[in-house]
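Single-letter residue listing:
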Amino acid sequence: MEFLPYTIKWLEVILRWGHVVFAILWVGNSFLFNYLDNNLNKNITSNDVDGEGYLMHSGFFYKLSRLKTSPPQDYLNRLVIFKWQSYLTFVTGMLLLVVIYYYNAGVLMVDKRVLLMPPSYAIIISLLSFIVAWFIYDLLCKSKLIENNILFISLGIILLAVVSFGLTKLFGPKFAILSVGLIIGTNMFGNVFTVIIPNQMNIISSSKRGEKFDMSLSLAAKQRSIHNNYFTLPVLFIMISSHFSFTYGAVNNWLILAVISIAGILTRHYFNLRNKKQYKFWILPSAGLIMFFLMTLSSLSIFEKKGIEWLRNEIKKIDQSFYKKVDLNNHQRMIRALEVYEIS
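Residues numbered from 1 in each chain as written. Predicted model: local features only at pLDDT ≥ 70, side-chain atom pairs only at ≥ 80, totals over all residues. Heavy atoms only, no water.

Chemist: So what's going on with the packing of helix H10 (residues 253-275) against helix H11 (residues 283-297)? Which residues, and what values?
Modeler: Between H10 and H11, whose axes approach to 8 Å, the crossing angle comes to 160 degrees. Comparing their axes, H11 and H10 come out roughly antiparallel. Along this stretch, H10 crosses H11, giving a crossing that reads as left-handed. Between H10, through Ile256, Val259, Ile260, Ile262, Ala263, Leu266, Thr267, His269, Tyr270, Phe271 and Leu273, and H11, the contact on the second element is made entirely by Ile283, Leu284, Ala287, Ile290, Met291 and Leu294. Looking at the contact of H10 with H11, its residues break down into 15 nonpolar, 2 polar and no charged. (Axes fitted to C-alpha atoms, helices over the stretch in contact; angles between N-to-C directions. Helix = DSSP H or I, 4+ residues; strand = E, 2+ residues; numbered from the N terminus. Parallel < 35°, antiparallel > 145°, perpendicular 65-115°, else oblique. Left-handed = near helix turned anticlockwise from the far one by under 90°. Contact = heavy atoms within 4.5 Å. Nonpolar A, V, L, I, M, F, W, Y, C, P; charged D, E, K, R; others polar.)

Chemist: Before we move on, can you summarise the packing of helix H6 (residues 149-168) against helix H7 (residues 173-208) with the specific residues and values?
Modeler: Contact geometry of H6 with H7 gives a least axis separation of 8 Å together with a crossing angle of 140 degrees. By the angle between their axes, H6 is oblique relative to H7. Note that H6 runs across H7; the crossing there is right-handed. On the side of H6, the interface is formed by Leu160, Val163, Ser164, Leu167 and Thr168, while H7 contributes Ala176, Ser179, Val180, Ile183 and Ile184. Tallied by class, the residues present in the contact of H6 with H7 amount to 7 nonpolar, 3 polar and no charged.

Chemist: So what about the pairing of strand E1 (residues 49-57)? Which residues, and what values?
Modeler: Where E1 lies against strand E2 (residues 60-67), 8 bridges are found, and the strand directions are antiparallel. Counted as the bridge partner of Glu52 is Ser65 from E2. Between E1 and the antiparallel strand that follows it, E2, lie 2 residues; Ser58 among them carries a positive phi value of about 50 degrees. (Pairing = 2+ DSSP bridges.)

Chemist: Any details on the environment of Gly28? Residues and values, ideally.
Modeler: Tracing the backbone shows Gly28 in helix H1 (residues 3-39). Its relative accessible area of 37% is what places Gly28 among the partly exposed residues. Residues Gly28 and Ala263, 235 residues apart in the sequence, show an inter-C-alpha distance of 20 Å. (Buried < 20%, exposed > 50% of the residue type's maximum accessible area, 1.4 Å probe, protein only.)

Chemist: Talk me through the side chain of Ser126; I want residue IDs and the actual numbers.
Modeler: Note on placement: Ser126 falls in helix H5 (residues 119-141). Apart from residues no more than four positions distant in its own chain, Ser126 is found in contact with Tyr102, Met109, Phe171 and Phe175.

Chemist: Please give an account of empty space enclosed by the protein that cites residues and values.
Modeler: Here the structure, examined in full by the defined rule, presents 1 cavity of 30 Å³ or more. Taken as a whole, the largest cavity holds about 40 Å³ of empty space. For the largest cavity, the full set of lining residues is Ile177, Phe237, Ser241, Thr247, Tyr248, Asn253, Ile256 and Leu257. Counting only elements with at least two residues in the lining of the largest cavity, the list comes to helix H8 (215-241), helix H9 (245-248) and H10. With 3 residues, H10 is the single largest residue contributor to the lining of the largest cavity. (1 Å grid on protein atoms, 1.4 Å probe; cavity = no way out; pocket = protein on both sides within 12 Å on 5 of 7 lines; lining within 4 Å. Points joined across faces, edges and corners; volume = space filled by probe spheres on them.)

Chemist: Quick one: what's the story with the packing of aromatic side chains, residue by residue and with numbers?
Modeler: In total, this model carries 14 aromatic pairs according to the counting rule given. Each ring, one from Tyr87 and one from Phe189, has its centre 5.9 Å from the other, and the planes form 75 degrees; the classification is edge-to-face. On the criterion of sequence distance, the pair formed by Tyr87 in helix H3 (residues 84-102) and Phe189 in helix H7 is long-range, its members being 102 residues apart. Of the residues examined, Tyr87 reaches a relative accessible area of 12% and is grouped as buried. Exposure remark for Phe189: the relative accessible area of 14% places this residue in the buried category. Ring geometry for Phe165 and Trp254: centres 5.3 Å apart, planes at 80 degrees, overall edge-to-face. Of this pair, Phe165 sits in helix H6 while Trp254 sits in helix H10, and the two are 89 residues apart along the sequence. Of the residues examined, Phe165 reaches a relative accessible area of 38% and is grouped as partly exposed. Counting every residue linked through ring pairs, the aromatic cluster contains Trp84, Tyr87, Phe90, Phe189 and Phe193. (Phe/Tyr/Trp six-rings, centres within 6.5 Å; stacked < 30°, edge-to-face > 60°.)

Now the structure itself:
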């Protein structure tokens, strides 16, 4: 009878390992290709080449060219298309969601101190949250709003904050923050699966037929790729936040997430501009100041979950012997102890 629990744990380990590996590959590709697009020399006169540059890696020089036209036919059949990193990151993430959270929805998703609901309702709400969020995001990307970068980004950040706040009123704090990561990750996967790869396949098909490909397909794919590039730092923070209970365990955890996301987006923007030789020196210090103020202000009462005295009293009621041994000033350790108690 012990076989099933250990099997599930091993499955969780393998899925987590794969999820992290595939995510690293996906993020690495995103950073590399955006870096190349921003760094290639565009000041060239050529009917075929749009930009070119050189790299060195492991002792060898590499020449890179971005083409306006398709490569020779024999190369079209041997193209390397970067899609499986995205697909497998999403698939392993969804499997982890099922194995860990949906399987234990009653304790890991539902928090009676937030909202008491049947586990099946929590799972349905979770599924609907990232499906509906994808359709809203995709609709916005196809609207005229996309032509105004400032307005589009501002609306995106506001929606992120509103969704984050709403989820904290439905789920336990840990799963609420994770759900925001699920929404962002689903949007990133959706960009690849429904826009980037289909557009690339249409371009390849046109090239194989000897037809001039539609440049608007390239521009649309590139736009979604840039969105994914800016999504990476917020979603990576959410991936690691489950190890730091003082972030997701705070009363206004949605606000912490929104502020960190803004800092992450600003940081990514600075390096994207820097790669274009546009040096906006104020951006990176601004992101640093945002993080500094968040670190400084996060100890205020607006972020404390019922205060440290409440934590101490809860631990004392649950386990007297543990209460005598634990560091009563360690918020994170006490919150984690309460989580373990509730799960078990």
